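Descriptive analysis of the structure
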Amino acid sequence: MQFGYTILYVPDVKASLAFYQAAFGFPTRFLSEGAEFGELETGSTRLAFCSRALLEQMGKTPQAPDADRPCSEIALCTADVPAALERAVAAGATLKQAAQTMSWGQTVAYVADPDGFLIELCTPMG
């Protein structure tokens, strides 16, 4: 078995794809004809977006995320956390925690995307 992708439920798939491209440089891999589903090129595991409206049509009740009370996070690894943080905030992310060097040596910062998903920007673990 292989982990294939994570799907975030968002109000506007196109807007989410545009934000992640501007903030983190991920190009769009796929966008459905009705713009209800899209994926980014993020390496071997993809980040995908599905409209909350489509989930509701399927009988589900998707909830909006709350970056101040997260139940999960997306971690994006980079050698230059401060530069990634600056780019993300310039693209519309909300700063949640400035870059800090943790006791285990990793540099970590947090932002929230425009939909409220918590994103960790971090240096790779050795």
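Things to note about the sheet that holds strand β1 (residues 5–10)
- The strand order β1-β4-β3-β2 describes an open sheet built from four strands, whose pairing is mixed. Bordering the open sheet on either side are β1 and β2 (28–31), each of which pairs with just one other strand. The average angle at which neighbouring strand axes cross in this sheet is 20°, direction not considered.
- Pairing between β2 and strand β3 (residues 37–40): three bridges, direction antiparallel. The partner of Leu 31 across the bridge, within β3, is Gly 38.

Digging into the sheet that holds strand β7 (residues 107–112)
- An order of β5-β8-β7-β6 is seen for the four strands of this open sheet, with the pairing classed as mixed. The sheet is open, and its two edges are formed by β5 (74–77) and β6 (94–101), each paired on a single side. Strand after strand, the sheet turns through a mean of 15° between neighbouring axes, direction not considered.
- The pairing of β7 with strand β8 (residues 118–122) spans five bridges and is classified as antiparallel.

Side note on the pattern of salt bridges
- With the rule as written, the count across this model stands at four salt bridges.
- Ionic pairing is found between Glu 41 and Arg 29, a salt bridge with its closest N-O pair at 3.6 Å. Taken together, the residues Glu 41 in the loop between β3 and β4 (46–51) and Arg 29 in strand β2 connect sequence positions 12 residues apart.
- Among the charged side chains, a salt-bridge network with shared partners connects Arg 29, Glu 39, Glu 41 and Arg 46.

Quick word on the environment of Gln 106
- By the secondary structure assignment, Gln 106 is in the loop between β6 and β7.
- Ignoring sequence-local partners within four residues, the contact set of Gln 106 consists of Gln 100, Thr 101, Glu 120, Cys 122, Thr 123, Pro 124 and Met 125.
- A polar side-chain atom of Gln 106 sits 2.7 Å from the main-chain carbonyl oxygen of Thr 123.

Re unusual backbone geometry
- Within the chain, Ala 35 stands out as a residue other than glycine whose phi angle is a positive 60°.
- One can find Ala 35 in the loop between β2 and β3.

Brief notes about the nonpolar core
- Ranked by size, the top nonpolar core spans 24 residues in total, and within it Leu 8, Tyr 20, Phe 24, Phe 49, Ile 119 and Leu 121 carry the most contacts.
- Only β1, α1 (13–24), β4, β5, α3 (81–90), β7 and β8 provide two or more residues apiece to this core.
- Counting six residues, the second largest nonpolar core, distinct from the first, contains Val 108, Ala 112, Leu 118 and Cys 122.

About the criteria used
- Residues numbered from 1 in each chain as written.
- Predicted model: local features only at pLDDT ≥ 70, side-chain atom pairs only at ≥ 80, totals over all residues.
- Heavy atoms only, no water.
- Pairing = 2+ DSSP bridges.
- Helix = DSSP H or I, 4+ residues; strand = E, 2+ residues; numbered from the N terminus.
- Axes fitted to C-alpha atoms, helices over the stretch in contact; angles between N-to-C directions.
- Salt bridge = Lys/Arg side-chain N within 4 Å of Asp/Glu carboxyl O.
- Contact = heavy atoms within 4.5 Å.
- Polar contact = N/O pair within 3.5 Å; in protein donor to acceptor, adjacent residues only side chain to side chain.
- Core = buried A, V, L, I, M, F, W, Y, C linked by side-chain atoms within 4.5 Å.
- Buried < 20%, exposed > 50% of the residue type's maximum accessible area, 1.4 Å probe, protein only.

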